[in-house]
Structures are given as structure tokens and as C-alpha cells.
Amino acid sequence: MDEDPVIAEYDVYLTPALQEQILLLQYPNRPRNRPYNSQYGATPHDMRIKPKSGFVEVDVKLNSNHNFNKYMGLKWGDASNASKQLHNASGTFGPAAGLSGAKPRNARRDGPLKDTAQRDVDLENDLQSFREAEQEHRVHAAQTLGGQIIRHDDELDAGKPHYFVGAFQGDQLHLTKIDGTVQMRPNFHHLDAEEERARISASRAQADAAGPKPAQTPQSVLRQLKEQKEQANREPTLEEKLKAILTAAEAEKWIRMEYIDDEDPQAYEEFNEKLKIGDVEKVPHLKSQMDNDAFLDAISLPRDGSPTRRRKRAPRRKQNQEQIDISDDDADDEMAGVQAG
């Protein structure tokens, strides 16, 4: 009895390269039996990407009718709205925002910030008319998932495995090469916004108590220009390189994308059109340039008896080696010394 029988056989096809990018989004913190789609009431309603820095974020709408803390939803919603108005128009924090701190106060941009007492009163009033506040987008009722793209077509990945996504159709398996993977994990921008709001409030109170800042003197400006010139003439340090990467990520704008639910008919149309080959009769057949022995030798240690096995060469002998002649008298003296010992 065969201990390892063949259960099924499939004809494997490689789909042609697509103009669009194929990214595989993985959700390590989400059970496999509860995907993010309309069937389970967790449909992503907003998706954005920063192509150059490779950051991706998705917002998933939460159901505020079940297991939802309305007061904290209002509080975090107020913090997020204040952050967008005073500091960060995109509402993004962390590496995707360059790990940037609060921006300097600007009278034209910055509006008044509620004190603690006024904020508590407004939150209590909004709690009484929660549905109205939710319709006016004053409630934080979304979960943000984010990650950074791991590219598989980078020069540094040469020689590494290629990743494909497979689509079955009868006894056929259609493989499509993916350009990158993203591990989407929960982002807590609302907590960062709350902390940022408290920090801005404290810094404003401290600045108002200290009075206006003195203007920069010409010497300080010249010193800054000199330091910038010195930095431009030398090799940047690792810290400066990392800072440049974060600065570029902060400056890059989000590109909004349209998210289509995986149960939507349009998703099925794109799936059948892009991830499968329509007419398999016209596709060329792949032929390997290796036989069985060459393939096994390529993925493992060379085997004895293999035609491609590399054999060790005998070490070369030095040519024109000096010959030392030992006379009979010297040989007798040497042997006598050995016997005496």
C-alpha cells in the first residue's frame, strides 16, 4: 500500500504580467473565519496608500449599536478632529506620518482649543444626541489597520523565493505573481490624537505664560547655515538617513483608493479576468532546462554517481621540487643515532 498516494493532479498555468500591482494583504490579528467583508459586518470603507514609502491603511466601520462605548467614541472623535485641525490634516500618526511631533503654532491655521471643562460639557451634550453627533462625524467609529509593503521585485530580493497567488478552476491552477505583501495590524491613531491634544494644550499654556519668543539674531542664523553646509559636505550618518526616510514619508500625500468588497459582483469579474487565463489552449508550454539529476543537485548536496556531481581535483604537486641526496655515511650515522636513542 502506498503510504503517500497522489490525491489530485492539476495543470499549472502562469498568468501574464498585469499592468496593475498585486498586493497581498494579510491580517495576523483577525481570525480566518471572520474576514473583513460585508458578510460579517466589517466592510472597509476607506483605503489609502503612499506608493513611494509603501504605507497602506484601511478604515473599517464599527457598529456603534453593539459593544460600543459611546462616551469614549465621542472623546476620541473630538481628539481626532482637533488633531486634523491643529496638527495633522490626514489624521495619521506613527511611521507613516514620519513620527513627527506637533507643528509650531500658527495663528492663521490654528483655531481655539477647548479647555477641559468646556470639552466635558460638549461631550455630555453630544452623548444625549449621539445619533446626530455620529451623522456629523464627531464620533470615532472606525478601526484603522495599516502596514508597510514588503516588495518582492526589489534588487535586494534577487535569488529569493517568488510569491504567487493561486486560483483554482476545475483541474487547473492559475498562478499570478504578486508584487508585495502587507501585514495589516491595528493602528491606534485616536490614542495618539488624544495624547497630542493634551501635549498641544500644555505647550500652549506654557507659551502663553512665557510670552512672545525673542527673534533670532543674525549670528544664530549664520550658525544654522554653517551647520547645514557642513552636513552637506560629509557622508550622512545612519540617524540622518533614517530621518530623511521619515521626512519623505511625512511629505508624501495619501492616495485614496476605491475598496470593493470581495463578495461584490465586480470583484468576481476582476478575479476571473485578471487571475485566470481565458483560453488555455493557446498558451505556450514551459520546458525545463534541467533533468531530474540536475534539479536534485541544484537544490541539495551533490550525490554520488550523479553526472553533474563535482569531483575534487587532486592537489597539484609543486614542480621542480628540490631533491636532497643523502649519502650512505649520513644514512648510517642517522640510523645509529635512532638505535642509540
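Where an unreviewed UniProt entry is consulted, the protein chain appears under the name DNA-directed RNA polymerase III subunit Rpc5, with the organism given as Septoria linicola.

For the rest of this paragraph, the subject is the overall build of the protein chain. Summing up its helical and strand segments, the protein chain has nine helices and 11 strands in all. When the 341 residues of the protein chain are sorted by exposure, 27% land in the buried category. Long-range pairs, those at least 24 residues apart, make up 75% of the contacts in the protein chain between residues at least 6 apart in sequence. Total accessible area on the protein chain stands at roughly 26,400 Å², and carbon and sulfur atoms take up 51% of it.

Although it is not a glycine, N67 adopts a positive phi angle of roughly 50 degrees. If you trace the backbone, N67 turns up in the loop between β4 (55-61) and α1 (70-86). The backbone of H137 sits at a positive phi, close to 60 degrees, despite the residue not being glycine. You can call H137 exposed: its relative accessible area is 64%.

The next subject is the side chain of H174. As for its position among the elements, H174 is in strand β8 (residues 172-177). Accessibility expressed as a relative area gives 0% for H174, which makes it buried. Polar side-chain contacts of H174 include one of 3.0 Å to the side chain of Q172. Looking at H174, its side chain comes within polar contact range of the main-chain nitrogen of I277, at 3.1 Å.

Here the focus is the packing of aromatic side chains. Applying the stated criterion across every chain yields a total of three aromatic pairs. With a centroid separation of 5.0 Å and an interplanar angle of 55 degrees, the aromatic rings of Y27 and Y36 are classed as tilted. Here Y27 falls in the partly exposed class, since its relative accessible area comes to 22%. It is R30 that lies over the ring of Y36; its NZ or CZ is 4.3 Å from the centre. For the cation-ring pair, R48 lies above W254, with the distance from its terminal atom to the ring centre recorded as 5.8 Å.

A word on the sheet that holds strand β9 (residues 180-183). The strand order across the open sheet formed by three strands is β2-β9-β6, and the pairing between neighbours is mixed. Unpaired on one side and paired on the other, β2 (23-26) and β6 (150-151) mark the two borders of the sheet. The pairing of β2 with β9 spans four bridges and is classified as parallel. Bridged to L25 within β9 is V182.

This part takes up the sheet that holds strand β10 (residues 185-187). Ordered in space as β10-β5-β4-β3-β11, the five strands form an open sheet in which the pairing is antiparallel. Edge strands, defined here as strands with exactly one partner in the open sheet, are β10 and β11 (255-257). When the angles between neighbouring strand axes are averaged without regard to direction, this sheet yields 30 degrees. For strand β3 (residues 44-50) and β4, the ladder comprises six bridges, and the chain directions are antiparallel.

So, about a nonpolar patch on the surface. Where nonpolar side chains cluster on the molecular surface, the patch consists of M290, F295, L296 and I299 and spans about 390 Å² of accessible area. With respect to the helices, strands and loops of the structure, M290 is situated in the loop between α7 (265-274) and α8 (292-299). Relative accessible area serves as the criterion here: at 44%, M290 is assigned to the partly exposed category.

Moving on: the nonpolar core. One finds Y36, A42, M47, I49, V56, V58, V60, L145, I149, V182 and M184 forming the largest nonpolar core, which totals 11 residues. At three residues, β4 tops the list of elements feeding residues into this core. In terms of nonpolar packing, the next biggest core, distinct from the first, is built from seven residues, F68, L123, A133 and A141 among them.

What follows is about the pattern of salt bridges. Using the criterion set out here, one finds 15 salt bridges in the structure. Among the salt bridges present, the one from R199 reaches E195, with a minimum N-O distance of 3.5 Å. Of the two residues, R199 and E195 both sit in helix α4 (residues 189-210), four residues apart, roughly one turn of that helix. R199 gets classed as partly exposed once you look at its relative accessible area, which sits at 40%. The partner of E270 in a salt bridge is K274, with the nearest N and O atoms 3.2 Å apart.

The rules behind these values
- Residues numbered from 1 in each chain as written.
- Predicted model: local features only at pLDDT ≥ 70, side-chain atom pairs only at ≥ 80, totals over all residues.
- Heavy atoms only, no water.
- Helix = DSSP H or I, 4+ residues; strand = E, 2+ residues; numbered from the N terminus.
- Buried < 20%, exposed > 50% of the residue type's maximum accessible area, 1.4 Å probe, protein only.
- Contact = heavy atoms within 4.5 Å.
- Areas by Shrake-Rupley, 256 points an atom, 1.4 Å probe, with all protein chains shown as cover.
- Polar contact = N/O pair within 3.5 Å; in protein donor to acceptor, adjacent residues only side chain to side chain.
- Phe/Tyr/Trp six-rings, centres within 6.5 Å; stacked < 30°, edge-to-face > 60°.
- Lys NZ or Arg CZ within 6 Å of the ring centre and 35° of its normal.
- Pairing = 2+ DSSP bridges.
- Axes fitted to C-alpha atoms, helices over the stretch in contact; angles between N-to-C directions.
- Patch = residues over 30% accessible without salt bridge, like charges linked within 9 Å, V, L, I, M, F, W, Y side chains within 5 Å.
- Salt bridge = Lys/Arg side-chain N within 4 Å of Asp/Glu carboxyl O.
- Core = buried A, V, L, I, M, F, W, Y, C linked by side-chain atoms within 4.5 Å.

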